[in-house]
Each structure stands twice: as C-alpha cells, then as structure tokens.
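Spelled out, the chains give:
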Amino acid sequence: CLALILLAGPVTEAWLGSGFEDAERVVVFLAAATVAAALGRTGTLMLQGVGRARPTAWMALFEAILNVTLAVVLAHVVGLSGVALATLIAAAAANFGLAIPYAFGVSPGLLLRSLAQAHTLPVVSGLAVGWLVLRGDPDGIAPVLASGAAVVAAYVLVFAFTGLERDERAVLRARWRLLARRASG
C-alpha cells in the first residue's frame, strides 16, 4: 500500500489517462484504509474463530454507520475524495479503536508505538525510494510497476533487518532457501 500511496498520481495517469487527477487523493485514502482494515483483520478473524462473532458484528456495524455518516457529510464538504476519506476514518476508528484493543487486549497507544518501532525505518526507506522514483516522472504502466516494485523492495529489505527479531529472520531465511531449492528443481 505504501507504493500505491506514493505512486497514486503515476498509477492513475497510467491506468486512466489524463483528466483524473482528482482520483489521486481517492487512491491514497483507500490504500490507507486498506492498511487499517488489514491490521484489524487478524483480530476479528480470531474472535470469529473462537465463536465471538457478535462483537465483530457490532464493530462492523459501527464502522459502516460511521462510514456512511461521514461519507454523506464529507461528500458535501470535500467532494468525492471526502467519501474515500470517510472510509479511511471509519476503518481506522473501528480497527485501531475497537477491533485490535478488544481482540488482543492492547491499547491503541501501545499498538501504534509497536508499529512505529518496527516500521518507521522501512517506511522512511520506501518513502526515500519513492521520492527518487517520482523525480524520474515514471510514465506508462511498465515504469510505474517497476517504480512500485522498487518501493516495495526497499521497504521489505529494510524491514527484514530492522523490523524482525533474530529468530524471525532465521525462519525467513530457511523458507527462502526451501523456495530456492524447489525452484531449482
């Protein structure tokens, strides 16, 4: 999602052509909303798996009501991007404010601190690569895809060294070796 957020302009240009510059903000808001939803999804699935579907249903209802309410208000104030912003706000509120604390017993502050500790350097490296890539003004689908791959690669490489514990890195290396052996035949 970081690559999509950074490259929203070139992506919409390559995908839709010119004249859709307003869609860039929509892409950014919806990609960020996807991050918020993904972070809360594990907890809601765990709750459903142990038979606690009712709380997750209430959380989903809260998110839907907040999303629709904000979408109506923000559509009038901001326009189309306001609807996407409403989706981001509702997803963040439901997942960071309800799902994660309820499922894991973790305060939103502790969660955000933990996420920042693991992901700040990878995000900064992805942003730096994204900034460099955007200076080259990627135009067309292949250059935009290559640019996105460069952002993702920078994030993953830095995360592998700064966001993972030593034993997590060992498991990752073992899986890479296994995949390499299978690929080589």
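Cut-offs applied
Residues numbered from 1 in each chain as written. Predicted model: local features only at pLDDT ≥ 70, side-chain atom pairs only at ≥ 80, totals over all residues. Heavy atoms only, no water. Core = buried A, V, L, I, M, F, W, Y, C linked by side-chain atoms within 4.5 Å. Buried < 20%, exposed > 50% of the residue type's maximum accessible area, 1.4 Å probe, protein only. Helix = DSSP H or I, 4+ residues; strand = E, 2+ residues; numbered from the N terminus. Contact = heavy atoms within 4.5 Å. Patch = residues over 30% accessible without salt bridge, like charges linked within 9 Å, V, L, I, M, F, W, Y side chains within 5 Å. Areas by Shrake-Rupley, 256 points an atom, 1.4 Å probe, with all protein chains shown as cover. Salt bridge = Lys/Arg side-chain N within 4 Å of Asp/Glu carboxyl O. Lys, Arg positive; Asp, Glu negative; His and termini not counted. Charge placed at Lys NZ, Arg CZ, Asp CG, Glu CD. 1 Å grid on protein atoms, 1.4 Å probe; cavity = no way out; pocket = protein on both sides within 12 Å on 5 of 7 lines; lining within 4 Å. Points joined across faces, edges and corners; volume = space filled by probe spheres on them. Nonpolar A, V, L, I, M, F, W, Y, C, P; charged D, E, K, R; others polar. Expected span 1.5 Å × (residues − 1).

1. Topic: the nonpolar core
Consideration 1: Counting ten residues, the largest nonpolar core is built from Val26, Phe29, Ala33, Ala36, Ala84, Leu88, Ala91, Phe96, Ile100 and Leu111.
Consideration 2: Listing elements by their share of this core, those giving two or more residues are helix H3 (23–49) and helix H5 (80–104).
Consideration 3: The dominant element in this core, judged by the number of residues it contributes, is H5, at five residues.
Consideration 4: Sequence-distant contacts of Leu111, that is, excluding residues within four places in its chain, are made with Phe96, Ile100 and Val106.
Consideration 5: In this structure, Ala3, Leu6, Val133 and Val151 belong to the second largest nonpolar core, which totals five residues.

2. Topic: helix H2 (residues 8–16)
Consideration 1: Inspection of H2 places Ala8, Gly9, Pro10 and Thr12 among the buried residues, and these make up the whole buried set.
Consideration 2: Elements that come into contact with the buried residues of H2 comprise helix H1 (2–6), H3, helix H6 (108–135) and helix H7 (141–162).
Consideration 3: Directly after H2, the chain includes Gly17, whose backbone phi takes a positive value near 90°.

3. Focus on unusual backbone geometry
Consideration 1: One non-glycine residue, Asp137, adopts positive backbone phi at about 50°.
Consideration 2: With respect to the helices, strands and loops of the structure, Asp137 is situated in the loop between H6 and H7.
Consideration 3: Judged by relative accessible area, which is 58%, Asp137 ranks as exposed.

4. Digging into the environment of Gln117
Consideration 1: Relative to the helices and strands, Gln117 is located in helix H6.
Consideration 2: Overall, Gln117 belongs to the exposed group, its relative accessible area being 70%.

5. Quick word on a negative patch on the surface
Consideration 1: Among the surface-exposed residues, Glu13, Glu21, Asp22, Asp137 and Asp139 lie close enough to one another that they form a single negatively charged patch.
Consideration 2: Locating Asp22 in the fold gives a position in the loop between H2 and H3.
Consideration 3: Note on Asp22: relative accessible area 62%, which makes it exposed.

6. Focus: the layout of surface pockets
Consideration 1: Taken as a whole, the largest pocket encloses approximately 570 Å³ of empty space.
Consideration 2: Surrounding the largest pocket, 17 residues form its lining, Val35, Leu39, His119, Val123 and Tyr155 being those nearest its centre.
Consideration 3: Counting only elements with at least two residues in the lining of the largest pocket, the list comes to H1, H3, H6 and H7.
Consideration 4: When the residues that make up the lining of the largest pocket are grouped by side-chain class, the tally is 16 nonpolar, one polar and no charged.

7. Considerations on helix H8 (residues 166–184)
Consideration 1: With 19 residues, H8 ought to run about 27 Å at 1.5 Å a step, and its terminal C-alpha atoms sit 27 Å apart, in line with that.
Consideration 2: In the segment just after H8, Gly185 is the residue with positive phi, at about 105°.

These figures come from the coordinates and say nothing about function on their own.
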